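# Structural characterization, general
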Amino acid sequence: DEYKSELGNVIVNCARIVPDGMLVFFPSYGVMRSCVEHWRNTGNPSIWDRVCASKHAVVEPTGKEEFREAFKEFNDALEVTKADGGSNKNG
């Protein structure tokens, strides 16, 4: 669990300084789900909440139709940021 916390904290720090969108890749859906669950339940505020304070977080689903919806949500968040001149959270 320590590596999950460390990884989450690195993502929090990157999310604060990386402009626009940001993608995080995992070796498998299982690892991704395990990390996201850990981040949602670790810290006060949680690691997940700290990520979401800087970026509009979208977790990739495994289903084809759900993926399309998540992809659209991510791109919509980027468009909102561009329209606002970068003042809002983004993907």
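Details of the structure are given in the entry above.
So, here's what we can say about the structure. (Residues numbered from 1 in each chain as written. Predicted model: local features only at pLDDT ≥ 70, side-chain atom pairs only at ≥ 80, totals over all residues. Heavy atoms only, no water.)

Here the focus is unusual backbone geometry. Each neighbour pair has its own omega, and for Asn 44 with Pro 45 the value is 5 degrees, a cis peptide bond. With respect to the helices, strands and loops of the structure, Pro 45 is situated in the loop between helix H2 (29-40) and helix H3 (47-54). (Helix = DSSP H or I, 4+ residues; strand = E, 2+ residues; numbered from the N terminus.)

Turning to the packing of aromatic side chains, a few remarks are in order. In total, this model carries two aromatic pairs according to the counting rule given. Arranged with centres 6.1 Å apart and planes meeting at 50 degrees, the rings of Phe 26 and Trp 39 form a pair that is tilted. With Phe 26 in the loop between helix H1 (2-17) and H2 and Trp 39 in helix H2, the pair connects residues that are 13 residues apart, well separated along the chain. Looking at Phe 26, the relative accessible area reads 23%, which means it is partly exposed. Residue class for Trp 39 comes out buried when judged on its relative accessible area of 4%. Measuring from centroid to centroid gives 6.1 Å for Phe 67 and Phe 71, while their planes differ by 25 degrees, and the two rings are stacked. Within this pair, Phe 67 and its partner Phe 71 are both found in helix H4 (residues 64-83), separated by four residues, close to a single helical turn. By relative accessible area, which is 49% here, Phe 71 ends up partly exposed. Lying across the ring of Trp 48, Arg 40 places its NZ or CZ 4.6 Å from the centre. (Phe/Tyr/Trp six-rings, centres within 6.5 Å; stacked < 30°, edge-to-face > 60°. Buried < 20%, exposed > 50% of the residue type's maximum accessible area, 1.4 Å probe, protein only. Lys NZ or Arg CZ within 6 Å of the ring centre and 35° of its normal.)

With that settled, consider the nonpolar core. Residues Ile 11, Val 12, Met 32, Cys 35, Val 36, Trp 39, Ile 47, Trp 48, Val 51 and Cys 52 constitute the largest nonpolar core, which totals 10 residues. Secondary structure elements with two or more residues in this core: H1, H2 and H3. The contact partners of Ile 47, leaving out residues within four places of it in the chain, are Ser 5, Gly 8, Asn 9, Val 12, Trp 39 and Thr 42. (Core = buried A, V, L, I, M, F, W, Y, C linked by side-chain atoms within 4.5 Å. Contact = heavy atoms within 4.5 Å.)

Under the criterion given, the structure shown has three salt bridges. Of the charged contacts in the structure, one is a salt bridge between Asp 1 and Lys 4, with a shortest N-O distance of 3.6 Å. Note that Lys 72 and Asp 76 form a salt bridge whose closest N and O atoms lie 2.7 Å from each other. A residue pair is termed a helical-turn pair when its members lie 3 or 4 positions apart in one helix, as Lys 72 and Asp 76 do in helix H4 at four residues. (Salt bridge = Lys/Arg side-chain N within 4 Å of Asp/Glu carboxyl O.)

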